[in-house]
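# Per-entry structural report
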Amino acid sequence: MLQGFKEFIMRGNVIELSTAVIIGSAFTAIVTSVSDHIINPLIASFGSADVSGLGFHVNPNNEATFLDFGAVITAVINFFIVASIVYFLIIMPINKLEKARKRSLGIGSDDKDPAATTEELLAEIRDLLRDHTPANSQATKSETSKDQ
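Note that the structure is a prediction, hence the values are computed from the model and not measured.

## What to know about the overall build of the protein chain
Helix and strand counts for the protein chain stand at 5 helices and 2 strands. Going residue by residue from the N terminus, the α and β elements of the protein chain occur as α-α-β-β-α-α-α. The buried share of the protein chain, taken over its 148 residues, is 9%. Accessible area of the protein chain: about 12400 Å², with a carbon and sulfur share of 66%.

The structure is reproduced here in structure tokens:
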């Protein structure tokens, strides 16, 4: 049981995952800082003097009833920032590497020729086998002995 766990740990997936979590946490701190110090003040500038930010109180006597649309807009902007950075810094390079790997292995050619059908491949195999059968090689040997 412990051997399987050791193989799982040594496989590398856990290390890659933990590295991704650490980098993601650090990146979240950067995005939060940009949101709190740049985006939120810009959104808050659209509010009135009575309201801190873009929102309003449902019940003016209760601070807990403040509907803060600025926070929602900031969360959406944060999401798009994180999603775009993940796409452009992780997904696109991995897709390009995968495409280059497939091209180097000859998998999935880029030309527009359709792949051969099963019938076409079987016909090619049949023709190759016909050319290399013992009957054809016997005929070739008898023709060569007649020429001598």
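Still to come is the rest of the account.
## Let's talk about the side chain of Thr-65
Tracing the backbone shows Thr-65 in the loop between β1 (55–57) and β2 (66–68). A distance of 2.8 Å separates a polar side-chain atom of Thr-65 from the backbone oxygen of Asn-62. Residue contacts for Thr-65: discarding those within four places in its chain leaves Phe-56, His-57, Val-58 and Asn-59.

## Considerations on the pattern of salt bridges
Two side chains carrying opposite charge are able to pair once their charged atoms lie near each other. This structure, assessed with the given rule, holds 3 salt bridges. A salt bridge links Glu-98 to Arg-101, with the nearest nitrogen and oxygen atoms 2.7 Å apart. Taken together, the residues Glu-98 and Arg-101, both in helix α3 (residues 69–105) and 3 residues apart, mark about one turn of the helix. A salt bridge links Asp-127 to Arg-130, with the shortest nitrogen-to-oxygen separation between them at 3.5 Å. Taken together, the residues span about one helical turn, with Asp-127 and Arg-130 both in helix α4 (residues 118–131) at a distance of 3 residues. Taking the relative accessible area as the measure of exposure, Arg-130 reaches 45% and is therefore partly exposed.

## A closer look at a nonpolar patch on the surface
On the surface, a nonpolar cluster with roughly 670 Å² of combined accessible area is contributed by Val-86, Tyr-87, Phe-88, Leu-89, Ile-90, Ile-91 and Ile-94. Here Leu-89 lies in helix α3.

## What to know about the UniProt feature "transmembrane region" (unreviewed entry) in the protein chain
When the UniProt feature table is mapped onto this chain, "transmembrane region" (unreviewed entry) is found at residues 12–32 and 69–94. In the segment residues 69–94, helix accounts for 100% and strand for 0%; the C-alpha atoms at its two ends are 36 Å apart.

## Considering α3
Taking 1.5 Å as the rise per residue, α3 with 37 residues should run 54 Å; its terminal C-alpha atoms sit 52 Å apart, in good agreement. Its axis deflected by about 35° at Tyr-87, α3 carries its strongest bend there. Where α3 is concerned, the buried positions are Gly-70, Thr-74 and Asn-78. Between the side-chain oxygen of the N-cap and the backbone nitrogen of Gly-70 there are 3.3 Å, and the N-cap of α3 in question is Asp-68. Downstream of α3 by a residue or two, Gly-106 has a phi angle that is positive, lying close to 80°.

## A short note on the environment of Thr-74
Within the secondary structure layout, Thr-74 lies in helix α3. Overall, Thr-74 belongs to the buried group, its relative accessible area being 6%. Taking the C-alpha atoms as reference points, Thr-74 and Asn-40, separated by 34 residues in sequence, lie 6.7 Å from one another. Setting aside anything within four residues of it in sequence, one finds Thr-74 in contact with Ser-35, Ile-39, Asn-40 and Ile-43.

About the cut-offs
- Residues numbered from 1 in each chain as written.
- Predicted model: local features only at pLDDT ≥ 70, side-chain atom pairs only at ≥ 80, totals over all residues.
- Heavy atoms only, no water.
- Helix = DSSP H or I, 4+ residues; strand = E, 2+ residues; numbered from the N terminus.
- Buried < 20%, exposed > 50% of the residue type's maximum accessible area, 1.4 Å probe, protein only.
- Areas by Shrake-Rupley, 256 points an atom, 1.4 Å probe, with all protein chains shown as cover.
- Polar contact = N/O pair within 3.5 Å; in protein donor to acceptor, adjacent residues only side chain to side chain.
- Contact = heavy atoms within 4.5 Å.
- Salt bridge = Lys/Arg side-chain N within 4 Å of Asp/Glu carboxyl O.
- Patch = residues over 30% accessible without salt bridge, like charges linked within 9 Å, V, L, I, M, F, W, Y side chains within 5 Å.
- UniProt positions renumbered as here; feature names shortened; annotations may be inferred.
- Expected span 1.5 Å × (residues − 1).
- Bend = angle between axes of the 7 residues up to and from the residue.

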